[in-house]
Amino acid sequence: MKPPPLESVFLTRGPLPDARDYRRVLVVGRGSIADNAARRLSAEGYEVLSAEARSDAKSSHAILEEVHGFVGGFEATLRTQAGPIIERVGRVVAADEARLVPKFQEYGLSASERVISLSDFEALVAEDRPLPPARGAWYHAAFLCGLEGGSEPALFARVFDAVERLSTKEQVQTYLFTRNVKVAANGLERRYQQARDNGTLFFKFDGQGPAFEIGPEGPVLIFADPLLGLEMELAADVLVVDEEYYPPALEQLLDIIPSAGAMQPFLQPESTRFPGVETPKAGIFAVGPARGNFTSDAAAGDLEALSAALRRGEHSQRADLMPGP
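For the structure given in this document, a descriptive report is provided here. (Residues numbered from 1 in each chain as written. Predicted model: local features only at pLDDT ≥ 70, side-chain atom pairs only at ≥ 80, totals over all residues. Heavy atoms only, no water.)

**Quick look at the overall build of the chain**
Helix and strand counts for the chain come out as eight helices and 17 strands. Residue burial in the chain is summarised as follows: out of 325 residues, 47% are buried. Restricting to contacts in the chain with at least 6 residues of sequence separation, those with at least 24 account for 62%. For the chain, the accessible area works out to roughly 16700 Å², and carbon and sulfur atoms hold 51% of it. (Helix = DSSP H or I, 4+ residues; strand = E, 2+ residues; numbered from the N terminus. Buried < 20%, exposed > 50% of the residue type's maximum accessible area, 1.4 Å probe, protein only. Contact = heavy atoms within 4.5 Å. Areas by Shrake-Rupley, 256 points an atom, 1.4 Å probe, with all protein chains shown as cover.)

The following block contains the structure:
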């Protein structure tokens with residue numbers, strides 16, 4: 001298979017700058033956040049270079065290997081199918097997706113036909129593949145969300161998406177087992193109430209959550225109802241296991257950001273000195289999961305802040321270059 005032309009890594013491309021060029025931007029990441037950032041900056045007149053921070057067998061994009069330099073004059077080493085290249089850029093934007101790790105181990109479970117991760121369940125539904133077969137007249141789908149480890153509003157948004165898809169099918173009963181329903185994001189509280197109104201049963205635990213038995217016919221959840229105190233069993237046709245959200249692996253950028261060790265794994269620390277999407281390294285910005293914002297609404301807000309920060313930086317740089325009185 002012939003490798004794609006080298007120019008395919010660019011949305012727009014001009015000649016390599018001889019001096020500092022603040023309007024040449026490298027967007028690092030894959031997925032919708034990186035795509036939206038690249039398209040927006042290109043539409044605003046920036047020369048955009050897109051690369052990934054990681055690779056797999058399916059990827060044909062440029063891979064960022066290392067970055068050196070300073071605002072206006074970063075040198076990025078990229079690995080491409082045509083070989084390594086070095087590109088000079090003015091600013092760098094980290095816009096990669098979150099890493100999702102299923103919590104099978106936390107629950108003492110193993111993946112199987114009827115015990116699947118939330119991402120695998122989403123793929124089944126998106127590709128219109130059949131779910132594990134029902135064992136009775138009704139289909140029972142149980143979701144685990146935040147019973148062990150951390151949880152994010154983005155996680156609940158995805159679970160509500162799944163519940164809403166199942167609600168369109170006949171004779172389906174959905175259950176959600178959690179500790180705290182985190183709805184601090186746009187529209188999530190309304191969707192939570194809507195799921196309850198549509199018949200989803202919520203079980204919220206303060207202490208010990210359900211125990212799991214995996215028999216030859218599938219998983220059984222054994223628990224005491226938190227409100228009634230009654231011992232209950234649920235034979236689930238499918239048990240959907242939630243996932244831990246981790247920021248993307250961006251060691252290439254952490255290596256050149258001051259005080260990176262104190263704020264890993266995020267690129268942006270909780271600090272009033274470096275507000276919003278700016279990092280302690282001038283010219284390097286973080287949006288979405290790179291700074292701990294995992295919801296689509298928060299990522300969209302980061303893109304607005306990024307656009308403003310880039311314009312603000314250009315005004316400052318032009319002022320620095322103005323001759324004195």
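**Some remarks on the side chain of Asp 242**
The topology assignment puts Asp 242 in the loop between strand 15 (238–241) and strand 16 (243–246). A polar contact is formed between the side chain of Asp 242 and the side chain of Tyr 107, at a distance of 3.0 Å. A distance of 2.6 Å separates a polar atom in the side chain of Asp 242 from the backbone nitrogen of Gly 146. When residues no more than four places from it in sequence are discounted, the contact partners of Asp 242 are Pro 102, Lys 103, Tyr 107, Leu 144, Cys 145, Gly 146, Leu 147 and Leu 155. (Polar contact = N/O pair within 3.5 Å; in protein donor to acceptor, adjacent residues only side chain to side chain.)

**What to know about the packing of aromatic side chains**
As enumerated under the stated definition, the model contains 10 aromatic pairs in all. A connected cluster of aromatic rings, assembled from ring pairs, spans Phe 177, Phe 203, Phe 205 and Phe 223. Cation over ring: Arg 23 sits above Tyr 46, and NZ or CZ is 4.0 Å from the ring centre. (Phe/Tyr/Trp six-rings, centres within 6.5 Å; stacked < 30°, edge-to-face > 60°. Lys NZ or Arg CZ within 6 Å of the ring centre and 35° of its normal.)

**Let's talk about a nonpolar patch on the surface**
A cluster of nonpolar side chains, contributed by Leu 227, Leu 228, Leu 230 and Met 232, occupies part of the molecular surface with about 450 Å² of accessible area. In this fold, Leu 227 is placed in the loop between strand 13 (218–224) and strand 14 (231–235). Residue Leu 227 is classed as exposed on the basis of its relative accessible area, which comes to 81%. (Patch = residues over 30% accessible without salt bridge, like charges linked within 9 Å, V, L, I, M, F, W, Y side chains within 5 Å. Salt bridge = Lys/Arg side-chain N within 4 Å of Asp/Glu carboxyl O.)

**Description of the sheet that holds strand 6 (residues 91–94)**
The strand order 2-1-6-17 describes an open sheet built from four strands, whose pairing is parallel. Each edge of the open sheet carries a strand with a single partner, namely strand 2 (47–51) and strand 17 (284–286). Each strand of the sheet is rotated relative to its neighbour by a mean of 20°, with strand direction disregarded. Across five bridges, strand 1 (residues 24–28) lies against strand 2 in parallel orientation. Each bridged residue has a counterpart across the sheet, and for Arg 24 the counterpart in strand 2 is Glu 47. Those strands touched by helix 1 (residues 32–43) are strand 1, strand 2 and strand 6, and its axis lies near 170° from that of strand 1. (Pairing = 2+ DSSP bridges. Axes fitted to C-alpha atoms, helices over the stretch in contact; angles between N-to-C directions.)

**Things to note about helix 4 (residues 153–166)**
Taking 1.5 Å of rise per residue, 14 residues should cover 20 Å, and helix 4 covers 20 Å from first to last C-alpha, within 8% of that figure. Helix 4 sits mainly inside the fold: 11 of its 14 residues count as buried. Among the residues of helix 4, those classed as buried are Pro 153, Ala 154, Leu 155, Phe 156, Ala 157, Arg 158, Val 159, Phe 160, Ala 162, Val 163 and Leu 166. (Expected span 1.5 Å × (residues − 1).)

**Description of the pairing of strand 12 (residues 211–215)**
Judged from the five bridges that link them, strand 12 and strand 13 form a sheet pairing that is antiparallel. Counterpart to Ala 211 in the pairing with strand 13 is Ile 222. Counting the residues in the hairpin turn of strand 12 and strand 13 gives two residues.

**Overview of the environment of Asp 237**
Here Asp 237 is to be found in the loop between strand 14 and strand 15. Along the primary structure Asp 237 and Arg 114 are separated by 123 residues, whereas in three dimensions their C-alpha atoms are 6.4 Å apart. Within the structure, the side chain of Asp 237 is placed 2.7 Å from the backbone nitrogen of His 140, a separation counted as a polar contact.

**Digging into the sheet that holds strand 10 (residues 172–178)**
If you trace the five strands from one edge of the open sheet to the other, you get 8-15-9-10-11, paired in parallel fashion. Single-partner strands in this sheet number two, and they are strand 8 (115–117) and strand 11 (201–204). Within this sheet the neighbouring strands show an average axis-to-axis angle of 20°, counted without direction. Relative to strand 10, strand 9 (residues 139–145) runs parallel, the two sharing seven bridges. Of the residues in strand 10, the one forming a bridge with Cys 145 is Thr 178. Against the sheet, helix 3 (residues 118–126) touches strand 8, strand 9 and strand 15, its axis set at about 90° to strand 8. Across the sheet, helix 4 is in contact with strand 9, strand 10 and strand 11; its angle to strand 9 comes to roughly 175°.

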